[in-house]
Amino acid sequence: MTIRLLPLVLTVPLFAGEVAVERAPFRIEHRFTATAIPAKPALISLKPETWNDFTIEKIADHGRNVKKGEVLISFEREAYEQKLEDLSLSLAKKQLALATAELDFAKLKAETELKLEAARRSKAQADDDLKYYKEIAQPAELAELEHSAKQYQFRLDAEKEELSQLKQMYEADDLTEATEEIILQRQLVSIEAAEFDLAKALRRNEHTRKSTMPRKLQTLEDSAASASIALEKAEANLPRALKTAELDLNGTKTALERQQLEFNRLKKDAALLEIKAPVDGIFFHGSLEDGQWSLGDLAKALVESGKVPSNQVIASISPAGASLPLSARVDPDLGRVLADDSTVSVNIAGREDLKLSGKVSNPPGVPGPDGRNPITVNVEWPEDFTLRPAASATCIAVVYEKKDAISVPANALQVTADGNWNVALKMAEGKTQRRTVERGRASKDRVEILGGLEAGQVIVVPD
């Protein structure tokens, strides 16, 4: 963008550093370059779900006229097909693993119920055995021991009584025959055996009371305690193990779902391996957006064997028959002074004979990321003139014009502390006097003076 000041008559120099003030046309114009960009270009970008290796196999030439459905870019498929096959095999394995995990979990769930029931049953049986022994079996066993001891004692007493009766009977005969001696001797042996059996029974009873029965009671108490501990552990650990197995199963399901999603996303990306023209028009490498044709580093990528980036516009189509307004991005200073719907002249390189003009569309807003303001120039092109997309034009905007303005060199002005401007005015006696002036518009090297100076006066300009 350039700024030009075009006065028809400049002030006339007298002596070095002296300038005569004259009235002359004062004009400020701005030039900027605009590009013919379709209002609604078809932008082509790769937005894959998961695949990221887009290596070009073939690509249509830049600037080529294309038809809707025509293949513009085809990408290599070998690596993609291999990845798809690997995922398919992995997915099949995970599906089998899930089926196995589901069967194992179902069995574990049934086994858990059986084990819990067995632990509860074992505790109930142990408690019942202990209770039965303490309340019934142990008292009965003590009673049996007591009864057995009494039986042996009764036997011994009976044997002794029988011996006493035999002696009395034989003594009454005053004569003891050999047979009687044998009978008495036999009775003594029976008494001795009865005494032995009684002693044996008493010893057994003592051992049973002091050792066997306490040990059996302790064993039953230990069994009941162990069954209680086993049940407590089973009720705590078996559900945890089952929950852990369930979490593992859910993890297997989730892994399968994720891989299935990845597989589906990868299959969806197959459509991106061949880019077709969405409309009839002219094919452009790069982007036709933001009021400009942009290629940049894509020039190195949009070739055979080049790797194309994802998630950005890589190519565009200017639709056939689309309107081609001129788009430009101008400095904010120009954006502020260039009024919406103002007229600018348009100059096409190579067709300077065409007298063209356009209307500016200057939407309000802040500058873009590049610090420039987007504007559009709408031109009614002659019927016998064909404008190609991305063609450039020079636009000239006259933002200020006055036929009889007074202007002075910018360095002739000085500003005071209170913000006023003045110049050094040469007086008749040759002296100078600071004269306050009212300044107007400015160009790079000249400033319009709206008041305080008159034509014919002379000012002194510093070297």
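Residues numbered from 1 in each chain as written. Predicted model: local features only at pLDDT ≥ 70, side-chain atom pairs only at ≥ 80, totals over all residues. Heavy atoms only, no water.

Q: Please clarify how the sheet that holds strand 12 (residues 313–319) should be interpreted in this entry.
A: Two strands in a sheet stick together by hydrogen bonds in their backbones, pointing the same way (parallel) or opposite ways (antiparallel). One open sheet accounts for four strands, arranged 4-12-9-6; its pairing is antiparallel. Among the strands making up the open sheet, the edge pair consists of strand 4 (42–45) and strand 6 (65–66). Pairing between strand 9 (residues 281–285) and strand 12: five bridges, direction antiparallel. Its bridge partner being in strand 12, Gly281 is matched across the sheet by Pro319. (Pairing = 2+ DSSP bridges. Helix = DSSP H or I, 4+ residues; strand = E, 2+ residues; numbered from the N terminus.)

Q: Would you mind going over a negative patch on the surface with me for this structure?
A: On the surface, Glu57, Glu76, Glu78 and Glu304 cluster together into a negatively charged patch. With respect to the helices and strands, the residue Glu76 is situated in the loop between strand 7 (71–75) and helix 1 (78–172). (Patch = residues over 30% accessible without salt bridge, like charges linked within 9 Å, V, L, I, M, F, W, Y side chains within 5 Å. Areas by Shrake-Rupley, 256 points an atom, 1.4 Å probe, with all protein chains shown as cover. Salt bridge = Lys/Arg side-chain N within 4 Å of Asp/Glu carboxyl O. Lys, Arg positive; Asp, Glu negative; His and termini not counted. Charge placed at Lys NZ, Arg CZ, Asp CG, Glu CD.)

Q: I would appreciate a short explanation of the UniProt feature "coiled-coil region" (unreviewed entry) in the chain in the present structure.
A: Mapped onto this numbering, the UniProt entry annotates "coiled-coil region" (unreviewed entry) at residues 77–169 and 217–276. Along residues 77–169 one finds 99% helix and 0% strand; the C-alpha atoms at either end are 129 Å apart. A helix fraction of 87% and a strand fraction of 5% characterise residues 217–276, whose end C-alpha atoms lie 91 Å from each other. (UniProt positions renumbered as here; feature names shortened; annotations may be inferred.)

Q: Would you mind going over the sheet that holds strand 5 (residues 56–59) with me for this structure?
A: Read across the sheet, three strands follow the order 5-7-8 without closing on themselves; strand pairing throughout is antiparallel. Every other strand in the sheet has two partners, leaving strand 5 and strand 8 (274–276) as the edge strands with one partner each. Direction aside, neighbouring strands of the sheet carry axes that sit 10° apart on average. Pairing geometry for strand 7 and strand 8, over three bridges, is antiparallel. (Axes fitted to C-alpha atoms, helices over the stretch in contact; angles between N-to-C directions.)

Q: What's the story with the packing of aromatic side chains in this structure? I'm lost.
A: For any two aromatic rings, the description comes down to two numbers: the centre-to-centre distance and the angle of the planes. In this structure the tally under the stated criterion is five aromatic pairs. Aromatic side chains Phe54 and Phe75 sit 5.4 Å apart centroid to centroid with 75° between the ring planes, which places their arrangement in the edge-to-face category. Taken together, the positions of Phe54 in the loop between strand 4 and strand 5 and Phe75 in strand 7 put the pair 21 residues apart, joining distant regions of the chain. Here Phe54 matches Phe75 in class, with each residue buried. A ring pair is formed by Phe284 and Trp293, whose centres lie 6.4 Å apart and whose planes are at 65°; its orientation type is edge-to-face. With relative accessibility at 5%, the residue Phe284 sits in the buried group. Residue class for Trp293 comes out partly exposed when judged on its relative accessible area of 35%. A cation over a ring is seen here: Arg439 above Trp421, with NZ or CZ 4.7 Å from the ring centre. (Phe/Tyr/Trp six-rings, centres within 6.5 Å; stacked < 30°, edge-to-face > 60°. Buried < 20%, exposed > 50% of the residue type's maximum accessible area, 1.4 Å probe, protein only. Lys NZ or Arg CZ within 6 Å of the ring centre and 35° of its normal.)

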